[in-house]
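Fold and geometry: a report
As a plain string of letters, each chain reads:
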Amino acid sequence: MNHTDTVRNPGAEERLGAACLLSMTGGFLDIYTYLYRGKVFANAVTGNMVLFGFNLANLEWFSAAKYLLAICSYALGVFTAEAIHRSLPRARRIGWHQSVLILETLCLAPIVLIPFGEFDFAVNSLISFVCALQVQTFRRVHGQPFASTMCTGNLRSGTEALFRHFSGKDQAELKKFLHYFLVIGCFIAGAAFGAVLLRRFGHTVFLLAPVSLAAVFFMVTTKRQLAGIRGSIRKISRTVRGK
């Protein structure tokens, strides 16, 4: 599937509801790493590059290496997402978007078991990997480019659409503006509610992140694909019982 096909034929992965839930998860992951994993934002790589350079300047080699690991993890996430995309044709029962969501969920679920402090750099790198997977895979909502783990581009695109609406009275541009700012609102809500829940109920609330991704999986998977998945599970179950 190429870029043009995605724009002209938006699929289930471009639903606004899925984009909003992914953005809430992105905001939640950012507030989690800030509150529990060393006051850092692991969703975007720019800050890690700045801190990597800062630690190099101060000859803090170990600290620099931690930020370099996060940078490399983000790059690996993009590479992995594209590798999955290339290896899975659209005819497969589980496609690119579903496969990435499964991988994200499997990566995030064990984080709740990793103790604080000494291994925070590993957790932040793993979350950077997951966020790169997500932002590389889910790039459009209703045919418009967006990001679910950072909001700078969303804010630019939404404000640009608002200007175009006022200058040309274009209702389509107003719709774009509303979509972008809804996604931004969901990102902020994920951070806000995440902060409240984490402070009140503790670290185990992190499990909401993989649960949310599992929910997105069902939102972007068609009934036909789900039927095929159930058929495969039944087939595997019969094979196991036969042995």
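Per the secondary structure count, the protein chain includes 10 helices and 2 strands. The order of helices and strands in the protein chain, counted from the N terminus, is α-α-α-α-α-α-β-β-α-α-α-α. Put simply, the protein chain has 243 residues, and 45% of those count as buried. Put simply, 72% of the contacts in the protein chain that link residues at least 6 apart link residues at least 24 apart. Taken as a whole, the protein chain presents about 13,400 Å² of accessible surface, with 66% of it coming from carbon and sulfur.

Residues Tyr32, Leu101, Leu108, Ile127 and Phe206 are the most contacted members of the largest nonpolar core, which totals 34 residues. Of all the secondary-structure elements, those providing two or more residues to this core are α2 (16–36), α4 (61–87), α5 (96–108), α6 (120–137), α8 (171–201) and α9 (208–220). A per-element tally of this core places α2 first, with 7 residues. For Phe206, the contacting residues outside a window of four places in its chain are Phe28, Leu29, Tyr32, Leu108, Ile111, Val112, Ile127 and Leu198.

This part takes up unusual backbone geometry. For residues other than glycine, phi is negative in most cases, and the peptide bonds are mostly trans. Positive phi, close to 55 degrees, is recorded for Lys39, a residue that is not glycine. Position of Lys39 relative to the elements: it lies in the loop between α2 and α3 (46–57). Taking the relative accessible area as the measure of exposure, Lys39 reaches 58% and is therefore exposed. At Leu59, a position not held by glycine, the phi torsion is positive, near 60 degrees. The exposure class assigned to Leu59 is exposed, which follows from its relative accessible area of 55%.

Another point: the packing of α5 against α9. The N-to-C vectors of α5 and α9 enclose an angle of 165 degrees; their axes lie 9 Å apart at closest approach. Considering the angle they form, α5 stands roughly antiparallel to α9. The chirality of how α5 crosses α9 is left-handed. On α9, the residues touching Gln98, Leu101, Ile102, Glu104, Thr105 and Leu108 of α5 are Ala209, Pro210, Leu213, Ala214, Val216, Phe217 and Val220. Partitioning the contact of α5 with α9 into residue classes produces 10 nonpolar, 2 polar and 1 charged.

Looking now at the pattern of salt bridges. In the structure shown here, the tally under the stated rule is 4 salt bridges. In this structure, Glu160 and Arg164 form a salt bridge, with 3.1 Å as the shortest nitrogen-oxygen distance. One end of the pair is Glu160 and the other is Arg164, both in helix α7 (residues 152–168) and 4 residues apart, which spans about a single turn. Under the relative-accessibility criterion, Arg164 is labelled partly exposed at 40%. One salt-bridge network, held together by shared partners, links Arg156, Glu160 and Arg164.

Over its 18 residues, α6 extends 26 Å from the first C-alpha to the last, a length consistent with the 26 Å expected when each residue adds 1.5 Å. Across the 18 residues that make up α6, a large majority, 15, are buried.

What counts and how
Residues numbered from 1 in each chain as written. Predicted model: local features only at pLDDT ≥ 70, side-chain atom pairs only at ≥ 80, totals over all residues. Heavy atoms only, no water. Helix = DSSP H or I, 4+ residues; strand = E, 2+ residues; numbered from the N terminus. Buried < 20%, exposed > 50% of the residue type's maximum accessible area, 1.4 Å probe, protein only. Contact = heavy atoms within 4.5 Å. Areas by Shrake-Rupley, 256 points an atom, 1.4 Å probe, with all protein chains shown as cover. Core = buried A, V, L, I, M, F, W, Y, C linked by side-chain atoms within 4.5 Å. Axes fitted to C-alpha atoms, helices over the stretch in contact; angles between N-to-C directions. Parallel < 35°, antiparallel > 145°, perpendicular 65-115°, else oblique. Left-handed = near helix turned anticlockwise from the far one by under 90°. Nonpolar A, V, L, I, M, F, W, Y, C, P; charged D, E, K, R; others polar. Salt bridge = Lys/Arg side-chain N within 4 Å of Asp/Glu carboxyl O. Expected span 1.5 Å × (residues − 1).

Honestly, it's all geometry; don't read function into it.
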